[in-house]
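Architecture at a glance
Here is how the chains run, residue by residue.
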Amino acid sequence: MMHTRGNRRDYDRWAAAGNPGWDYASILPYFKKWENIDQIPELANDTVYHSTAGELTLQYPNWRTPLSDAFLQAGVETGGRLVDYNGEKQIGYSIVQFTMQNGTRMSSSRAFLHPIRTRKNFDIAKNAVVTKILIDPETSKAYGVEFVKDGKKFVVKARKEVILSAGAINSPQLLMLSGVGPKDHLTENNITTIADLPVGYNLQDHWALGGLTFLINTTNSIRSERVASIDNIIEYYTQRTGPLGAPSGTEALAFIDTKDPTNEDGYPDLELLFVGGSIVSQPFYKTAFSIDDRIYKKVYQPIETRDTWMVFPMILLPESRGRIMLRDNSPWSKPLIYANYFSDNGHDQKVILHGIRKVIELSKTKAFQRFGSKLHDIPLPNCAHHGFNTDNYWFCAMKTITNTIYHHCGTNKMGPSSDPSAVVDPRLRVHGVGALRVVDASVMPHVPAAHTNAPTLMIAEKAADMIKEDWGISVGK
Ligand SMILES: Cc1cc2nc3c(=O)[nH]c(=O)nc-3n(C[C@H](O)[C@H](O)[C@H](O)COP(=O)(O)OP(=O)(O)OC[C@H]3O[C@@H](n4cnc5c(N)ncnc54)[C@H](O)[C@@H]3O)c2cc1C
């Protein structure tokens with residue numbers, strides 16, 4: 001996974017919203033605690049921001065296209081700088097740091113669960129679905145969970161507390177199914193309210209324009225028919241190197257502050273995520289990016305055999321807010337996800353437009369012209385009437401190929417009891433419910449200027465200390 005921490009101001013904002021202990025100086029040790037960056041020695045030297053002692057290893061991709069270097073050089077040619085975006089300052093261009101080890105994924109499970117799986121005080125039920133958090137309606141105290149495994153219902157009781165970590169979509173669903181949520185919404189779903197809280201509101205995500213494609217006249221991009229060669233397969237399985245060790249084609253990125261573009265210590269509201277290929281690089285991408293058949297045939301089929309690169313211009317500090325709601329009161333029904341990406345009077349779209357213009361500028365630099373880079377200019381059929389490459393064309397394109405970056409968060413917002421939009425307190429305990437804590441991306445008050453995996457791991461690591469502290473267990477340093 002891409003590994004980005006965000007900006008110090010993200011966490012200072014969390015703290016300023018009434019959450020002591022969440023400012024950047026306080027949470028930086030938790031980012032470092034689980035990090036092992038010894039495979040990127042030039043960053044490992046910066047011990048203020050990095051560590052080599054943690055469980056989760058980081059790597060640059062073992063293999064990438066030369067187009068990613070062109071992306072970095074183009075950034076420098078246009079006035080940007082190279083940066084360790086997980087260091088002191090975030091603005092600039094960089095190869096992506098990935099959670100990897102020796103060309104394979106270093107998942108949270110591999111880093112944190114595998115080493116402790118034989119502990120006697122650790123039990124994990126695989127393929128089990130939690131259907132309800134059990135909360136005593138008299139005392140409003142959680143005492144266990146109900147779950148279903150192999151078609152059978154089980155109840156497990158908690159001696160101390162229940163910790164909910166089902167993510168920004170399912171944690172609010174489970175809370176609401178269990179009687180914790182907005183009273184009117186619970187009532188309309190025939191659920192008795194135990195705590196009337198704004199669960200499910202404040203949904204935030206990073207979305208991007210998809211399909212912004214550039215053609216090149218060399219064979220340097222990722223193309224599945226070249227990647228999946230016998231030689232590459234053998235190389236990957238024997239040495240864990242080569243194109244098959246490249247994580248998903250995302251190779252480089254830039255963090256940009258559109259409000260203050262020349263400030264090296266800015267607060268980025270835009271990310272440019274560079275991919276050494278595009279929708280046409282491999283047949284599956286059409287499905288993965290949910291590209292409509294009619295659009296694909298008209299816009300992308302004509303370049304299906306070409307070498308290409310692509311950038312996702314992504315909003316980092318969105319003003320739009322969505323909501324998670326229950327479809328009904330069954331735990332087997334998928335919750336309703338209202339992303340509401342375009343509900344913010346155009347701010348987020350203007351930031352993306354800035355990104356599109358910047359990417360086009362990058363494509364014209366010497367660095368990219370070495371590959372003959374050219375903006376793919378077959379217009380989207382439903383936007384063509386605006387005139388290709390006009391602002392209105394791109395606004396229309398954003399609504400036509402809108403990609404989530406899957407950074408959903410904020411739906412059980414952390415905040416003090418005086419904040420009517422808060423669901424959990426700064427120690428992640430659900431307001432008004434005893435013995436129930438939420439530890440996942442749903443507690444983020446604002447989405448950070450980061451891909452959300454590392455910030456979620458930071459939350460988990462800090463929560464582990466808070467839980468120990470609250471139960472009188474000493475916290476190791
Ligand atoms: C396709 C994709 C790619 C991504 N890539 C990146 C990336 O490269 N870098 C990055 O930083 N972030 C990335 N993210 C975002 C990142 O994965 C999330 O921000 C992060 O995993 C959030 O952690 P979480 O603990 O809140 O939720 P999750 O990781 O979603 O964990 C919640 C867990 O709860 C389980 N669960 C839910 N409901 C129930 C239930 N009723 N009973 C039992 N179990 C339940 C789920 O199965 C899941 O295992 C990506 C997300 C997606 C979807």
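To be clear, the structure that these remarks concern was listed above.
Residues numbered from 1 in each chain as written. Predicted model: local features only at pLDDT ≥ 70, side-chain atom pairs only at ≥ 80, totals over all residues. Heavy atoms only, no water.

1. Here's the deal with the environment of A254
The residue A254 is located in strand β14 (residues 250-256) in this model. Apart from the residues within four sequence positions on either side, A254 is in contact with F71, G92, Y93, L270, E271 and L272. (Helix = DSSP H or I, 4+ residues; strand = E, 2+ residues; numbered from the N terminus. Contact = heavy atoms within 4.5 Å.)

2. Digging into a nonpolar patch on the surface
Taken together, I230, I233, I234, Y237 and L244 make up a surface patch of nonpolar side chains, about 500 Å² in accessible area. Along the chain, the position of I233 falls in helix α9 (residues 230-239). For I233, a relative accessible area of 33% corresponds to the partly exposed category. (Patch = residues over 30% accessible without salt bridge, like charges linked within 9 Å, V, L, I, M, F, W, Y side chains within 5 Å. Areas by Shrake-Rupley, 256 points an atom, 1.4 Å probe, with all protein chains shown as cover. Salt bridge = Lys/Arg side-chain N within 4 Å of Asp/Glu carboxyl O. Buried < 20%, exposed > 50% of the residue type's maximum accessible area, 1.4 Å probe, protein only.)

3. A word on the environment of G415
One can find G415 in the loop between β20 (402-404) and β21 (436-438). Looking at G415, the relative accessible area reads 0%, which means it is buried. When near neighbours in sequence (up to four residues on either side) are disregarded, G415 contacts N19, A422, V424, D425, P426 and H431.

4. Describing the packing of helix α2 (residues 24-33) against helix α15 (residues 453-470)
Contact pair α2 / α15: the axes reach a minimum separation of 8 Å and the direction vectors enclose 105°. Relative to α15, α2 is oriented roughly perpendicular. Residue-level inspection shows I27, Y30, F31 and K33 of α2 in contact with α15, the latter providing A454, P455, M458, E461, K462 and D465. Residue composition of the contact of α2 with α15, grouped by class: 6 nonpolar, no polar and 4 charged. (Axes fitted to C-alpha atoms, helices over the stretch in contact; angles between N-to-C directions. Parallel < 35°, antiparallel > 145°, perpendicular 65-115°, else oblique. Nonpolar A, V, L, I, M, F, W, Y, C, P; charged D, E, K, R; others polar.)

5. Focus on the pairing of strand β4 (residues 98-101)
Two elements, strand β2 (residues 56-59) and β4, share 2 bridges in a ladder whose sense is antiparallel. Paired with Q59 across the strands is F98, a residue of β4. Bridge count between β4 and strand β5 (residues 104-105): 2 bridges; the pairing is antiparallel. Looking at β5, one finds that M100 is bridged to R105. (Pairing = 2+ DSSP bridges.)

6. Examining the state of the cysteines
In this structure the tally under the stated criterion is 1 disulfide. One disulfide in the model links C383 with C396; its S-S distance is 2.0 Å. Classification of the bridge connecting C383 and C396 rests on its S-S torsion, roughly -80°, and on that basis the disulfide is left-handed. Of this pair, C383 sits in the loop between β19 (374-375) and α14 (391-400) while C396 sits in helix α14, and the two are 13 residues apart along the sequence. For C383, a relative accessible area of 0% translates into the label buried. Given the relative accessible area of 14%, C396 is considered buried. (Disulfide = S-S within 2.5 Å.)

7. Considerations on the pattern of salt bridges
What the rule picks out here adds up to 21 salt bridges. Notably, a salt bridge pairs K33 with D465, separated by 3.8 Å at the nearest N-O pair. Of this pair, K33 sits in helix α2 while D465 sits in helix α15, and the two are 432 residues apart along the sequence. Two residues, R437 and E161, come together in a salt bridge whose shortest N-O distance is 2.7 Å. On the criterion of sequence distance, the pair formed by R437 in strand β21 and E161 in the loop between β8 (152-157) and β9 (162-164) is long-range, its members being 276 residues apart.

8. Some points on the sheet that holds β2
Either a parallel or an antiparallel arrangement is found when strands of a sheet pair, and the pairing is made through backbone hydrogen bonds. One open sheet holds the 4 strands; their spatial order is β1-β2-β4-β5, and the pairing between them is mixed. Edge positions in the sheet fall to β1 (35-36) and β5, since each of these pairs with one other strand and no more.

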